[in-house]
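What the coordinates show
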Amino acid sequence: MNIQAFRHRRDTTLARMGAGIAIIPTAPEQTRNRDAHFPYRADSYALYLSGFTEPEAVVVLIAGDGKQTQPQSILFCRDKDEEREIWDGFRWGPAAAAEAFGFDAAYSISELDAKLIELMTNQPNLYYAIGHDAAWDTRITHALNGVRAQARAGKRAPENIRDIRSILDAQRLFKDAFEIDLMRRAGEISGEAHKRAMRVTRPGKYEYEIEAELLHEFRRQGCQAPAYTSIVAGGKNACVLHYVENNQKLNDGDLLLIDAGGELDGYASDITRTFPINGRFSSAQRDVYQLVLNAQDAAIAATRPGNTFHDPHDAAVKVLAQGMLDLKLLQGSLDSVLEQESYKRFYMHRTGHWLGLDVHDAGDYKDGEDWKKLAPGMMLTIEPGCYIRPADDVPVAFHNIGIRIEDDALVTPTGCDIITEATPKTIADIEALMAEARQ
Ligand code: GLY
Ligand code: MN
Ligand code: MN
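Each chain has its residues counted from 1, following the order in which its sequence is written. For this description, chains carry letters from A and ligands carry numbers from 1, given in the order in which they are written. This being a predicted model, a pLDDT of at least 70 is required before a residue's local features are given, and a value of 80 or more before pairs of side-chain atoms are given or counted; all residues contribute to the totals for chains, interfaces and linings. Side-chain descriptors were evaluated using all non-hydrogen atoms of the structure, hydrogens and water having been removed beforehand.

**Looking at helix α11 (residues 310-326)**
- A run of H or I in DSSP counts as a helix once it spans at least four residues, and a run of E counts as a strand once it spans at least two, with each numbered from the N terminus. Expected span of a helix: the number of residues minus one, times 1.5 Å. Here α11 spans 25 Å end to end across 17 residues, near enough to the 24 Å set by a 1.5 Å rise per residue.
- Accessible area is worked out with a 1.4 Å probe on protein chains only. A residue is then buried under 20% of its type maximum, exposed over 50%, and partly exposed in between. Within α11, burial applies to His310, Pro312, His313, Ala315, Ala316, Val317, Leu320, Ala321, Gly323, Met324 and Leu325.
- In what follows, a contact means two residues having at least one pair of non-hydrogen atoms within 4.5 Å. Turning to α11, the residues buried within the fold contact α10 (283-301), α12 (334-340), β16 (370-371) and β18 (385-387).
- Count one or two residues on from α11 and you reach Lys328, which has phi positive near 65°.

**A look at the site of ligand 1**
- A cutoff of 4 Å decides nearness: a residue is near a molecule or strand if any of its heavy atoms lies inside that distance of it. In the region of ligand 1, the neighbouring residues are Tyr228, Asp259, Asp270, His353, His360, Glu383 and Glu406.
- Here an oxygen atom of ligand 1 and a side-chain polar atom of His360 are 2.7 Å apart.
- Only the protein chains shown count as cover for residues, and all accessible areas are computed by the Shrake-Rupley method using a 1.4 Å probe. In the complex, the protein chains occlude 83% of the 190 Å² of accessible area that ligand 1 would expose alone. Polar contacts, as used here, are pairs of N or O atoms within 3.5 Å; protein pairs need one atom able to donate a hydrogen and one able to accept it. Residues neighboring in sequence count only if both atoms are side-chain atoms.

**Some words on the coordination of the manganese ion (ligand 2)**
- In this analysis a donor is any N, O or S atom within 2.8 Å of a metal ion (3.2 Å for sodium, potassium and calcium), and since water is not included, sites may seem incomplete. Every protein donor of the manganese ion (ligand 2) is listed here as Asp270 (OD), His353 (NE2), Glu383 (OE) and Glu406 (OE), and their distances to the metal cover 2.0 to 2.2 Å.
- Bound by 6 donor atoms, the manganese ion (ligand 2) shows angles of 51 to 153° at the metal and therefore irregular coordination geometry.
- Here the donor residues for the manganese ion (ligand 2) map to a single chain with the spacing D-x82-H-x29-E-x22-E.
- The two metals, the manganese ion (ligand 2) and the manganese ion (ligand 3), are separated by 3.3 Å and share Asp270 as a common coordinating residue. Of the two residues, Asp270 sits in the loop between β13 (267-268) and β14 (271-276) while Glu383 sits in the loop between β17 (379-382) and β18, which places them 113 residues apart along the sequence. Glu383 matches Asp270 in its accessibility class, with the two residues each being buried. Here the metal geometry follows the donor angles, with tetrahedral for four donors whose angles all fall between 85 and 135 degrees, square planar for four and octahedral for six when opposite donors are more than 155 degrees apart and every other angle is between 65 and 115, and irregular for all the rest.

**Concerning the side chain of Asn237**
- Along the polypeptide, Asn237 turns up in the loop between β10 (231-234) and β11 (255-260).
- A distance of 2.8 Å separates polar atoms of two side chains, one belonging to Asn237 and the other to Glu207.
- Each residue touching Asn237, except ones within four places of it in the same chain, is listed here: Glu207, Tyr243 and Gln248.

**A look at the coordination of the manganese ion (ligand 3)**
- Protein coordination at the manganese ion (ligand 3): the donors are Asp259 (OD), Asp259 (OD), Asp270 (OD) and Glu406 (OE), at 2.0 to 2.4 Å from the metal.
- Here the manganese ion (ligand 3) is ringed by 6 donor atoms whose angles at the metal span 57 to 169°, and the overall shape comes out irregular.
- Donor residues binding the manganese ion (ligand 3) come from one chain and are separated in sequence as D-x10-D-x135-E.

**Focus on the side chain of Arg91**
- Mapped onto the fold, Arg91 is located in the loop between α3 (82-88) and α4 (94-101).
- Nearest to the buried, unbridged Arg91 among oppositely charged side chains is Asp81, at 4.4 Å.
- Beyond its immediate sequence surroundings of up to four residues, Arg91 is in contact with Glu54, Arg78, Asp79, Lys80, Asp81, Arg84 and Glu85. Only four residue types enter the tally: Lys and Arg on the positive side, Asp and Glu on the negative side; His and the chain ends are excluded. Between Lys or Arg on one side and Asp or Glu on the other, a salt bridge is scored when a side-chain nitrogen of the former is within 4 Å of a carboxyl oxygen of the latter.

Written out as structure tokens, the structure is:
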């Protein structure tokens, strides 16, 4: 834990707020059934500002007035509780948490409702993620009414209620050095998981056996969880974009598409590789694979400051559209394929998204009507693909080929750094790794 990094993030948010109070609750625990819970994952905004991973916690930021009062960051969290700690494990408690996580003050979560009334009083602005959680909306409304009830004593409730996500989303778009280090490591671990999958894949195995290898490598190297449900899609299943059943047998001659990444201390990795189940690409598979790889190269070259978020997509689509014509998947001219968007029959998703605490991370994609300009510190995926469902007008050799190649890119001052580059992706490198594992 780097306390300074978290302090710096809170200071930045405080400065952007101007005047007022921000309230950022973490996520509630979710029941799976009876008294069993889903594995707990803190809310990304609360985690971003605190590094604190326990449930039942709230970050409160109070901007200074520029004169008498200084900005303050406060944590509400669970009390120490010997009985509960025997059953459920360690709790920081407010005093130790304030110290360990660098907050100016910390209080018991049991004091929250009363304290919120006190802390909101006479603040001009309330920053809060309105509508994110109905139970919290009600709780905050109660606190506001608690302040309003004291109007005759001269106390004023915040007049303006603003969405804190506008400030935090813009902030989260640019990764700090601490985040970049974590994401590089998450990318390395995830790459090793993909290599492990390539090594062990054989015809006759089941998709879930390969999924188990990915999970093994994520956890073995310290990732707490997969960053999203792994897609392990053999053969035609690769043409289902969000395939997660992962329960089919792997067939000799088919491809295997794996979209999987680990989450490390809250940060996601998002990698896709597609490789031949028997270790050797067929001629048709080779043609489509090289096309997608060329599209990814074009998109990577377009990922640089000065270009917009849309430019890598545009670059990938041009390469893919021309390739679809060359392979006789489509007829007509490049202009007509682009204009009519007929390439969408085989490439129907976008080429990337922001990446960070969330796999589809926070951050706007446009400024007004214009696509956001890329700038150093942004992290995004670059993930072109081609998915060919069987049809009478499509050459049979291409039927059921589904390919995606996805890497994670950090925008640098001169271009981008592919932080998942160590994961093999040329035809030669994939075939070599798989051949070596079969000796
Ligand atoms: N794994 C989710 C995505 O690639 O967007
Ligand atoms: Mn992705
Ligand atoms: Mn992905």
